[in-house]
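For reference, the chains in residue letters:
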Amino acid sequence: MLFQREIPIRDTYDVCVVGGGPAGVAAAVVAARQGARVFLAEANGCLGGMGTAGGVPMYMTFGNGVDFCADGFGREVRDRHAAEGVIHGNPDFINIERLKRIYDDLLEGAGVEFSLMTELIAAETADGGITAAVFHAKSGLFAVGARVFVDGTGDGDLAAYAGNRTEKGDENGAVMPSTLCSGWAGIDWERFRASGDKPREILFKAFEDGIFRHNDPHHTGINPTGNHLGGGNMGHLFGLDPLDEKSLTAGLVEGRRQMVEFQRYYREYITGYEQVELTFTAALPGIRESRRVVGDYVLDLDDYKARRVFDDEIGRYCYGIDIHPASTSAADQEEFKRLNVGMHYDRGESYGIPYRCLVAADCRNLLVAGRCISCDRYVQASIRVMPGCYITGQAAGMAAALAAGNDGDVRTVAVGELQRKLKKMGAFLPNCRG
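Residues numbered from 1 in each chain as written. Predicted model: local features only at pLDDT ≥ 70, side-chain atom pairs only at ≥ 80, totals over all residues. Heavy atoms only, no water.

Quick notes on the overall build of the protein
If you tally the helices and strands in the protein, you get twelve helices and 15 strands. Expected size for 434 residues packed as a compact globule is a radius of gyration near 22 Å; at 21 Å, the protein falls within 12% of this value. Projecting the C-alpha coordinates of the protein onto the three principal axes gives extents of approximately 65 × 55 × 45 Å. Evaluated residue by residue, the protein yields a buried proportion of 58% over its 434 residues. Total accessible area on the protein is roughly 17,700 Å²; 47% of this is exposed by carbon and sulfur atoms. Averaging the coordinates of the 46 positive side-chain charges in the protein and doing the same for the 58 negative ones gives two points 2 Å apart. (Helix = DSSP H or I, 4+ residues; strand = E, 2+ residues; numbered from the N terminus. Rg over C-alpha atoms; globule rule 2.2 N^0.38 Å. Buried < 20%, exposed > 50% of the residue type's maximum accessible area, 1.4 Å probe, protein only. Areas by Shrake-Rupley, 256 points an atom, 1.4 Å probe, with all protein chains shown as cover. Lys, Arg positive; Asp, Glu negative; His and termini not counted. Charge placed at Lys NZ, Arg CZ, Asp CG, Glu CD.)

In structure tokens:
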């Protein structure tokens, strides 16, 4: 069956950002603050991606113990969040509703035109570049033109639709497992802390007692998100393919079943959780890995080990190689420890992120930000978390504004000017002069 429609171009912008997660929000806000006319489309009902719709309860690592690596936009978000009240003394714990509003306010304050519940379905290309992104929303199908596009989808959707090369997972295309995050109420945090209970260790007693259908020893647990609230980032959806809707459907169903088991576990085994109640499971599965867009440079494990410095670096980061175990087997659990613990950085250490990692290899006017930038799966397992997304997002937004002011070709951006502008907004670029 041939399906054809004439699709109107609703408007044309300097910069079109697809995806309103942490990287997309950073890119859109920074580009707009540079004077670019910016449109952002987000498929979900809120901005923030994994940190909001995905229910992830922690930002993860902003710095290396010496340097605030996610400085600039990342610091601004963290400070705004903390200004509404630090959660249990830790500014890295997330209140989801608070973070949604912060992103809303940032986009509106910068003058970004944005549309929620608006899903990318195609990209039109000509002469080596993207001419329009095609979206589906409640009003129907429409297209948006732009001089420069930024892929902030996390899955590299825009790049893939535009025909740019992508990679996925390991050599067999397998990706690390996802998690369906969750919200919990009725936790007595004081009693829990006073008890000294360690849920990750007590879990094995529950395994012996048959509480779980699948005995998964890699347990992150529940973090505070309010006075008696917690956010769960626990349980794995092994074998889930984030690029297949049937697999996603099965994973969401399985994740909701897992949370019933976790509620029983915490109530019966952990002090302070006797009255705990599951309040929600996230609207999105917590995807850790899917596509990686092939760019002009592929940041790899050797770069990570060498703490590499690049002439065109747009930031530096420090989070460890966090590839979750592929299964519950002892071998996969040990491989996780080898990578995550064995290659962990010391205080003050970081690796450079070159601008070329954000430049899509096969498209003249496409930049990539967030977990799908051009890197191997080891570096992807480090840079995928929110602070890493702020770093690449703010750089993509600044570069997009510069490119839009010229001919739209992202390779014509003067790296020195890009670095100077990023440093002026606070970005951590210790190796860049000017």
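We are not done yet, so read on.
With respect to helix α3 (residues 96-110)
With 15 residues, α3 ought to run about 21 Å at 1.5 Å a step, and its terminal C-alpha atoms sit 22 Å apart, in line with that. Those residues of α3 that sit buried are Ile96, Arg98, Leu99, Ile102, Tyr103, Leu106, Leu107 and Ala110. Angularly, the buried residues of α3 cover 165° about the axis, an arc narrow enough to put them on a single face. Facing away from the buried side of α3 by more than 90 degrees, the exposed set consists of Glu108 and Gly109. Against the buried residues of α3 lie α1 (22-33), α2 (73-83), β3 (113-115), β11 (277-281) and α11 (386-404). Where α3 starts, the residue carrying a side-chain oxygen 3.3 Å from the main-chain nitrogen of Glu97 turns out to be Asn95. Just beyond α3, the residue with positive phi is Gly111, at close to 80°. (Expected span 1.5 Å × (residues − 1). Arc of directions from axis to C-beta. Contact = heavy atoms within 4.5 Å. Polar contact = N/O pair within 3.5 Å; in protein donor to acceptor, adjacent residues only side chain to side chain.)

Side note on the packing of helix α6 (residues 199-208) against helix α7 (residues 245-269)
Where α6 meets α7, the axes come as close as 11 Å, and the angle between the chain directions of the two elements is 100°. Between α6 and α7, the angle falls in the class roughly perpendicular. Contacts between α6 and α7 pair Pro199, Ile202, Leu203, Lys205 and Ala206 from the former with Tyr265, Tyr266 and Tyr269 from the latter. In terms of residue class, the contact of α6 with α7 is built from seven nonpolar, no polar and one charged. (Axes fitted to C-alpha atoms, helices over the stretch in contact; angles between N-to-C directions. Parallel < 35°, antiparallel > 145°, perpendicular 65-115°, else oblique. Nonpolar A, V, L, I, M, F, W, Y, C, P; charged D, E, K, R; others polar.)

Some points on the state of the cysteines
Counted under the stated rule, the structure contains zero disulfides. Between Cys372, a cysteine without a disulfide, and Cys389, which holds the nearest cysteine sulfur, the sulfur-to-sulfur distance is 8.6 Å. Cys389 sits in the buried class, given a relative accessible area of 7%. (Disulfide = S-S within 2.5 Å.)

Quick look at the pattern of salt bridges
Inspection of the entire model under this criterion finds 29 salt bridges. Measuring nitrogen to oxygen at the nearest pair gives 2.8 Å for the salt bridge that ties Glu289 to Arg377. Pair noted here: Glu289 is in the loop between β11 and β12 (291-293) and Arg377 is in helix α10 (residues 377-383), with a separation of 88 residues, a long-range link. On the accessibility criterion, Arg377 (17% relative accessible area) is buried. (Salt bridge = Lys/Arg side-chain N within 4 Å of Asp/Glu carboxyl O.)

Details of the packing of aromatic side chains
Within this structure, the stated rule accounts for 21 aromatic pairs. Between Tyr297 and Phe310 the ring centres are 5.4 Å apart and the planes differ by 70°, which places this aromatic pair in the edge-to-face class. Residue Tyr297 is found in the loop between β12 and α8 (301-306), and its partner Phe310 is found in the loop between α8 and β13 (313-317); the two are separated by 13 residues along the sequence. Judged by its relative accessible area of 8%, Phe310 falls in the buried class. Here the aromatic cluster, defined as three or more aromatic residues joined through ring pairs, consists of Trp189, Phe192, Phe204, Phe207, Phe212, Phe262, Tyr265, Tyr266, Tyr269 and Tyr273. (Phe/Tyr/Trp six-rings, centres within 6.5 Å; stacked < 30°, edge-to-face > 60°.)

What to know about the sheet that holds β11
Ordered by their spatial adjacency, four strands build an open sheet running β9-β10-β8-β11, and the pairing between neighbours is antiparallel. The open sheet has two edge strands, β9 (222-224) and β11, and neither has a second partner. On average, each strand axis in the sheet is tilted by 30° relative to the strand beside it, whichever way the strands run. In this fold α7 packs onto β8 (182-185), β9 and β11, with an angle of close to 155° to the strand it touches most, β11. (Pairing = 2+ DSSP bridges.)

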